[in-house]
Amino acid sequence: MSKENKYIKETGLGYYLQIKYHGYKRYSKIFHTIDYGSKENAKKAAINDRENFLNKNNLDQKRKHDDTLPIGVNKTCDTRKDENGNIISETWYYQAYWTVNKKQKSKRFPIHIFGDEKARTLAIQARLDGQNVIKTTSTVSTLFLPPNPSDVKIWRYMDFTKFVSILENGGLFFPSVELMDDYFEGTFSSWNSKLRSFIYSRSKNKQSIQDLIDRIKEIKKYILLSCWYKGNQESAAMWKLYAQTNEAICIQTTYKSLRKCLKSNFQIGEVKYIDYNKHWIPEDNIYNPFFYKRDSFKHENELRAIIDLSDKKNKKFLNEKEFAELKGIWVKINLNYFIRKIYVAPQSPLWFYNLVKKISKNYGIEREVEKSSIDIKPMF
């Protein structure tokens, strides 16, 4: 479906139309197949209704939405048209939203007056001033919403020794974020550094932000991660990056299985990829810097589970001796339930395939062992 018609979704009864406009209001309507004779007719009716609604209310739903803006700040456009539907003028602006005593407040900053960068900055500042509070606690946020769909497949690529280690220890290893190859893990973007002094220049919470940054630096070594590739098919790129020999394997499971196997102290979220020179990482949650990565890592399509061992409620998971030696912890899980399939690397020899099957069976893993689908031969 095209971006233009992304507000029209197929349902079991026909098509459902929902348009979000003016920030929070919605217009929705269902077009039943029984009323229009076929799903195709219902879809056409939904598209026509959408266009009529947009024209009638001078709305522009074709604009690009900037997903990198913090929550409560939008970039939008007011369009004026003449009686023939021709565009007379367009006014682009950044708008900030917040709530005071259950009442919605907003403020807009026209780009033609301030310029794009300053209007964006002023809107972010207005949002912060409107809230009049910066949260520095570990409150669960939208970072940890389930992926859509929640039964999406997730994959972990590794060499054979790491696979045997998982079987031998009966669980997953959660290393400290300090062991990750990316030195930007747990940091804010350069755009944050560039704009922060201006954004908080008049904020009463300036010290709170510095406290947040100091706290992140303090707990970083106690932030432990388990990282997974998210997608419905194998990734040739992931095989090359994380299994650099044909004597390697991949574990395939699902988000639901991972969530069910880990206690509620563990949070799971999808990584967001941004340009660190142009985009802002929200500063309202202590875990935000651990769920943003640079665009150059976008191919990883990562989902990660996280636990913060600096949090008092998670102390029961901390084995001081194990953590000192490994800079991480082993988390026991039901591997026979958790593992859905095991794949051997592309071009791996038959003896290796047989060995993986035998070792898996010896450890009580009853799941299927398959050769990588990337090994399928062409038809000609």
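Draft legend 1. A look at helix H5 (residues 160-169). Taken together, the buried positions of H5 are Phe 160, Phe 163, Ile 166 and Leu 167. Take H5 and look down its axis: the buried residues cluster within an arc of 120 degrees, on one side only. Relative to its buried face, H5 has exposed residues pointing more than 90 degrees away, namely Thr 161, Lys 162 and Glu 168. Positive backbone phi, at 65 degrees, marks Gly 170, one or two positions downstream of H5.

Draft legend 2. Focus on the layout of surface pockets. For the second largest pocket, the calculated volume is near 1,000 Å³. Mapped by element, the contributors of at least two residues to the lining of the second largest pocket are strand E7 (153-159), H5, strand E8 (171-175), strand E9 (223-230), helix H8 (236-242) and strand E14 (302-308). Residues of the lining of the second largest pocket, tallied by class, amount to 19 nonpolar, four polar and 10 charged.

Draft legend 3. How the structure looks around the packing of H5 against helix H12 (residues 350-362). Across the interface, H5 lies against H12 with an axial gap of 11 Å and an inter-helix angle of 10 degrees. On the basis of the axis angle, H5 is roughly parallel to H12. On H12, the residues that touch Phe 160, Phe 163, Val 164 and Leu 167 of H5 are Phe 352, Leu 355, Val 356, Ile 359 and Ser 360. Looking at side-chain class alone, the contact of H5 with H12 contains eight nonpolar, one polar and no charged residues.

Draft legend 4. Examining the pattern of salt bridges more closely. Inspection of every chain in the model, using the stated rule, returns 13 salt bridges. A salt bridge links Asp 78 to Arg 108, with the nearest nitrogen and oxygen atoms 2.9 Å apart. Of the two residues, Asp 78 sits in strand E4 (residues 73-81) while Arg 108 sits in strand E6 (residues 103-110), which places them 30 residues apart along the sequence. Residue classification places Asp 78 among the partly exposed positions, given a relative accessible area of 30%. Among the residues examined, Arg 108 registers a relative accessible area of 41% and is labelled partly exposed.

Draft legend 5. Seen up close, the confidence of the model for the protein. Per-residue confidence for the protein gives a mean pLDDT of 83; residues scoring 70 or more make up 84%. In the model, residues 133-140 has pLDDT below 50 throughout and makes 19 contacts with residues more than four positions away in sequence or in other chains.

Draft legend 6. How the structure looks around helix H2 (residues 39-56). Compared with an ideal rise of 1.5 Å per residue, which puts 18 residues at 26 Å, H2 spans 25 Å between its outermost C-alpha atoms and is within 8% of the ideal. Considered for burial, the residues of H2 that qualify are Ala 42, Ala 45, Ala 46, Asp 49, Arg 50, Phe 53 and Leu 54. The buried residues of H2 occupy one face: seen down the axis, they fall within an arc of 165 degrees.

Draft legend 7. View of the pairing of strand E17 (residues 368-371). Bridging between strand E16 (residues 341-344) and E17 involves four bridges; their strand directions are parallel. What sits directly across from Lys 341, in E17, is Glu 368. Where the polypeptide runs from E16 across H12 and back to E17, its parallel neighbour, the crossover connection is right-handed.

Draft legend 8. Inspection of the side chain of Gln 95 at higher detail. As for its placement among the helices and strands, Gln 95 is situated in strand E5 (residues 87-100). The exposure class of Gln 95 is buried, given its relative accessible area of 7%. Side chain to side chain, Gln 95 and Tyr 97 meet in a polar contact 3.4 Å long. With residues near it in sequence (within four places) discarded, Gln 95 still touches Gly 72, Val 73, Asn 74, Ser 106, Lys 107, Arg 108 and Ala 123.

Parameters at a glance
- Residues numbered from 1 in each chain as written.
- Predicted model: local features only at pLDDT ≥ 70, side-chain atom pairs only at ≥ 80, totals over all residues.
- Heavy atoms only, no water.
- Buried < 20%, exposed > 50% of the residue type's maximum accessible area, 1.4 Å probe, protein only.
- Helix = DSSP H or I, 4+ residues; strand = E, 2+ residues; numbered from the N terminus.
- Arc of directions from axis to C-beta.
- 1 Å grid on protein atoms, 1.4 Å probe; cavity = no way out; pocket = protein on both sides within 12 Å on 5 of 7 lines; lining within 4 Å.
- Points joined across faces, edges and corners; volume = space filled by probe spheres on them.
- Nonpolar A, V, L, I, M, F, W, Y, C, P; charged D, E, K, R; others polar.
- Axes fitted to C-alpha atoms, helices over the stretch in contact; angles between N-to-C directions.
- Parallel < 35°, antiparallel > 145°, perpendicular 65-115°, else oblique.
- Contact = heavy atoms within 4.5 Å.
- Salt bridge = Lys/Arg side-chain N within 4 Å of Asp/Glu carboxyl O.
- pLDDT = per-residue confidence, 0-100.
- Expected span 1.5 Å × (residues − 1).
- Pairing = 2+ DSSP bridges.
- Right-handed = clockwise from strand over helix to strand, strands pointing away.
- Polar contact = N/O pair within 3.5 Å; in protein donor to acceptor, adjacent residues only side chain to side chain.

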